[in-house]
Amino acid sequence: MPTGHVEIPALPVMIPLGVALMIVAALVLRRRGELTRGRLVSWWLAGWYAVAVLGATMLPLRLTWGPGAGEPELFRILVIPYVTMRVDDFVLNIFMMVPLAAALRVVFGVRDGRRVVLIGFLISLTIETTQLLMLLFLNGTRWADTNDLIANTLGAGLGWLALQRVSRRRRQTEPAVRS
């Protein structure tokens, strides 16, 4: 079996994916009879947010396999939290997941903080597991890092708290409805 190599750049994946999600959002909302300008824009923003997370965590993608591929770069697997933490990456991972709560509320109606945190954790676990498998079996160039899992989960929780605070302020500043 010959050695294989593939490089997948970010933009040629992200742009068509984002446009496809915009089309799907419009079709789904239209089919449900829920197509309004505000709802469509919200869904589009949530879709582009998902594309941005994919781009930040998986792209560009470089994979190599076969007999001449070499050994996996095991130094890219960071299992022990905090000891090997890069503070700037940790903070960026927190901020990356803050918008998740708003996206989940707008698109799927998720309002419960525990569900937001659980979904954030599961998304992050999926990303880190995928990166780990690509490292081990396809000599990928991404990092599998428990610190990312912690930061992403924390970001989802902070996003939910921020959304709660904004919602509470909004309710307090709305004028009372007169009957």
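Keep in mind the model is a prediction, meaning the values are calculated, not measured.

Attention now moves to the pattern of salt bridges. Summed over the entire model, instances satisfying the criterion amount to 5 salt bridges. One salt bridge in this structure joins Arg62 and Glu7, with 3.5 Å as the shortest N-O distance. In this pair, Arg62 is assigned in strand 2 (residues 61-65) and Glu7 in strand 1 (residues 4-8), connecting sequence segments 55 residues apart. Ionic pairing is found between Glu73 and Arg76, a salt bridge with its closest N-O pair at 2.5 Å. According to the relative accessible area criterion, Arg76 is buried, its value standing at 14%.

Glancing now at the layout of surface pockets. When its volume is computed, the largest pocket comes out at roughly 490 Å³. Taken together, 25 residues form the lining of the largest pocket, with Leu21, Ala46, Gly47, Ala50 and Phe108 sitting closest to its centre. Of all the elements in the fold, those that place two or more residues in the lining of the largest pocket are helix 1 (11-32), helix 2 (37-58), helix 4 (100-108) and helix 5 (113-138). In terms of residue class, the lining of the largest pocket is made up of 22 nonpolar, 3 polar and no charged. In this structure, the second largest pocket occupies an estimated 280 Å³ of space. In terms of lining, the second largest pocket is formed by 13 residues, of which the most central are Ala56, Asp89, Asn93, Arg142 and Asp148. Every element with two or more residues in the lining of the second largest pocket is listed here: helix 2, helix 3 (87-97) and helix 5. Per element, the largest residue contribution to the lining of the second largest pocket is 4 residues, and it comes from helix 3. Its residues assigned to classes, the lining of the second largest pocket shows 5 nonpolar, 3 polar and 5 charged.

Here the bond from Leu59 into Pro60 is cis, since omega is -5°, no more than 30 degrees from zero. On the secondary structure map, Pro60 appears in the loop between helix 2 and strand 2. Phi angles above zero are rare outside glycine, and Tyr82 is one such case at about 70°. The phi angle at Asn139 is positive, at roughly 45°, despite the residue not being glycine. Among the structural elements, Asn139 can be located in the loop between helix 5 and strand 4 (144-145). The class of Asn139 is buried, set by a relative accessible area of 15%.

Conventions adopted
- Numbering of residues begins from 1 in every chain and follows the order in which that chain's sequence is written.
- Selection of residues for local features in this predicted model requires a pLDDT of at least 70, selection of side-chain atom pairs for listing and counting requires 80 or more, and totals for whole chains, interfaces and linings are taken over all residues.
- Values reported for side chains reflect all heavy atoms of the structure, with hydrogen atoms and water molecules removed beforehand.
- Put simply, a salt bridge is a Lys or Arg side-chain nitrogen that is within 4 Å of an Asp or Glu carboxyl oxygen.
- Secondary structure counts use DSSP, requiring at least four H or I residues in a row for a helix and at least two E residues in a row for a strand, with both numbered from the N terminus.
- A simple rule labels every residue: compare its accessible area, found with a 1.4 Å probe on the protein chains alone, to the largest value its type can have, and call it buried under 20%, exposed over 50%, or partly exposed in between.
- For each structure, a 1 Å grid was placed over the protein atoms alone; sets of points admitting a 1.4 Å probe that cannot get out are labelled cavities, open sets with protein on both sides within 12 Å along at least five of seven lines are labelled pockets, and lining residues have an atom within 4 Å of a point.
- Grid points are joined across faces, edges and corners, and a volume is the space filled by probe spheres set on the points.
- For this classification, Asp, Glu, Lys and Arg are treated as charged, while Ala, Val, Leu, Ile, Met, Phe, Trp, Tyr, Cys and Pro are nonpolar and the rest, including Gly, are polar.

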